[in-house]
Amino acid sequence: MEKLEMQNELASGQEPVFMSVRTEAGKARVKAAVAGFQARPGQVQPSIPEKIAGVKARYDPRAITPQDIDQMFDALVQAGQPVTAPMLLLNSMGRKFRSHLAGITGSAYDGSRPLDLVGVAQLQIQRARKQGSSAAGWETFLAFLAPQPQAGGQSALDQMARVAQQAQARPH
């Protein structure tokens, strides 16, 4: 079998980029680097549910400003959360939507006061049940707001800390 040499294209006056690969020592360095790279486990990428849980963990649904609701909504969409009925309900409580609604109705809107989304959902569930209406939408919203368990029962922060510790322990 014929041995193929790696060819370097020379820019005017520059040394070949792969000159060191032609020496035995250079070839050994390249082989060692490739072997080291292949021996490393794959980069730990959180799954979509883990990303979503991480976003939810950054916000307190019992005391969240409408502006934070907008940020949470955007972050959830970026994390891969589908825009479902609970997401639309969440969005309807954000500053952008409420300001737009206030503009249409001509009423004043104070978007600086934190909201208790859990309390709002619980109140709406109670009202629906008293009136004999379905509370399913609000129950789904309440379940959506609940923190999601992580793989192995770890919180998002615990898992991120574990991944960071593993990364520090690996030789670079």
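Predicted model, so just to flag it, every value in this text is computed and none were measured. (Residues numbered from 1 in each chain as written. Predicted model: local features only at pLDDT ≥ 70, side-chain atom pairs only at ≥ 80, totals over all residues. Heavy atoms only, no water.)

Asker: Account for the overall build of the protein, naming residues and giving values.
Answerer: The secondary structure content of the protein amounts to eight helices and zero strands. Secondary structure elements in the protein, listed N-terminal to C-terminal, are α-α-α-α-α-α-α-α. Counting all 172 residues of the protein, 24% fall into the buried class. The long-range fraction of contacts in the protein, counting pairs at least 24 apart against all pairs at least 6 apart in sequence, stands at 55%. As presented, the protein carries roughly 12,200 Å² of accessible surface, and 57% of it is formed by carbon and sulfur atoms. (Helix = DSSP H or I, 4+ residues; strand = E, 2+ residues; numbered from the N terminus. Buried < 20%, exposed > 50% of the residue type's maximum accessible area, 1.4 Å probe, protein only. Contact = heavy atoms within 4.5 Å. Areas by Shrake-Rupley, 256 points an atom, 1.4 Å probe, with all protein chains shown as cover.)

Asker: Explain helix α3 (residues 66-79) to me, using residue names and the numbers behind them.
Answerer: With 14 residues, α3 should cover 20 Å at 1.5 Å per step; its first-to-last C-alpha distance of 20 Å lies within 8% of that length. Turning to α3, its buried residues number three or more, namely P66, I69, D70, M72, F73, A75, L76 and A79. Immediately beyond the C-terminal end of α3, within one or two residues, lies G80, with a positive phi of roughly 110°. (Expected span 1.5 Å × (residues − 1).)

Asker: Which residues make up the side chain of Q81, and what are the values?
Answerer: The residue Q81 is located in the loop between α3 and α4 (85-91) in this model. Relative accessible area serves as the criterion here: at 12%, Q81 is assigned to the buried category. Beyond its immediate sequence surroundings of up to four residues, Q81 is in contact with I52, L76, M87 and F144.

Asker: An account of a nonpolar patch on the surface is requested, with residue identities and associated values reported.
Answerer: A surface patch of nonpolar side chains, about 250 Å² in accessible area, is lined by V77, V83 and L88. On the secondary structure map, V83 appears in the loop between α3 and α4. (Patch = residues over 30% accessible without salt bridge, like charges linked within 9 Å, V, L, I, M, F, W, Y side chains within 5 Å. Salt bridge = Lys/Arg side-chain N within 4 Å of Asp/Glu carboxyl O.)

Asker: I'd like a description of the confidence of the model for the protein, backed by residues and values.
Answerer: When the pLDDT values of the protein are averaged, the result is 79; 65% of them are 70 or greater. Confidence over residues 1-11 falls short of pLDDT 50; this stretch has eleven contacts with residues more than four positions distant or in other chains. Every residue in residues 14-18 is under pLDDT 50, and counting partners more than four places away or in other chains gives six contacts. (pLDDT = per-residue confidence, 0-100.)

Asker: Outline the nonpolar core, listing residues and values.
Answerer: Judged by nonpolar contacts, the single largest core of 20 residues is most densely connected at V55, M72, L76, L90, L117, F141 and F144. For this core, the element with the most residues is α3, which contributes six residues. Excluding residues that lie within four positions of it along the chain, F144 makes contacts with K56, L76, Q81, P86, M87 and L90. (Core = buried A, V, L, I, M, F, W, Y, C linked by side-chain atoms within 4.5 Å.)

Asker: Quick one: what's the story with the packing of helix α2 (residues 48-57) against α3, residue by residue and with numbers?
Answerer: Across the interface, α2 lies against α3 with an axial gap of 9 Å and an inter-helix angle of 165°. Viewed along their axes, α2 and α3 adopt a mutual orientation that is roughly antiparallel. Judged by the sense of rotation from one axis to the other, the crossing of α2 with α3 is right-handed. Residues I48, K51, I52, V55 and K56 of α2 touch α3, and the partners they reach there are M72, A75, L76 and A79. Residues of the contact of α2 with α3, tallied by class, amount to seven nonpolar, no polar and two charged. (Axes fitted to C-alpha atoms, helices over the stretch in contact; angles between N-to-C directions. Parallel < 35°, antiparallel > 145°, perpendicular 65-115°, else oblique. Left-handed = near helix turned anticlockwise from the far one by under 90°. Nonpolar A, V, L, I, M, F, W, Y, C, P; charged D, E, K, R; others polar.)

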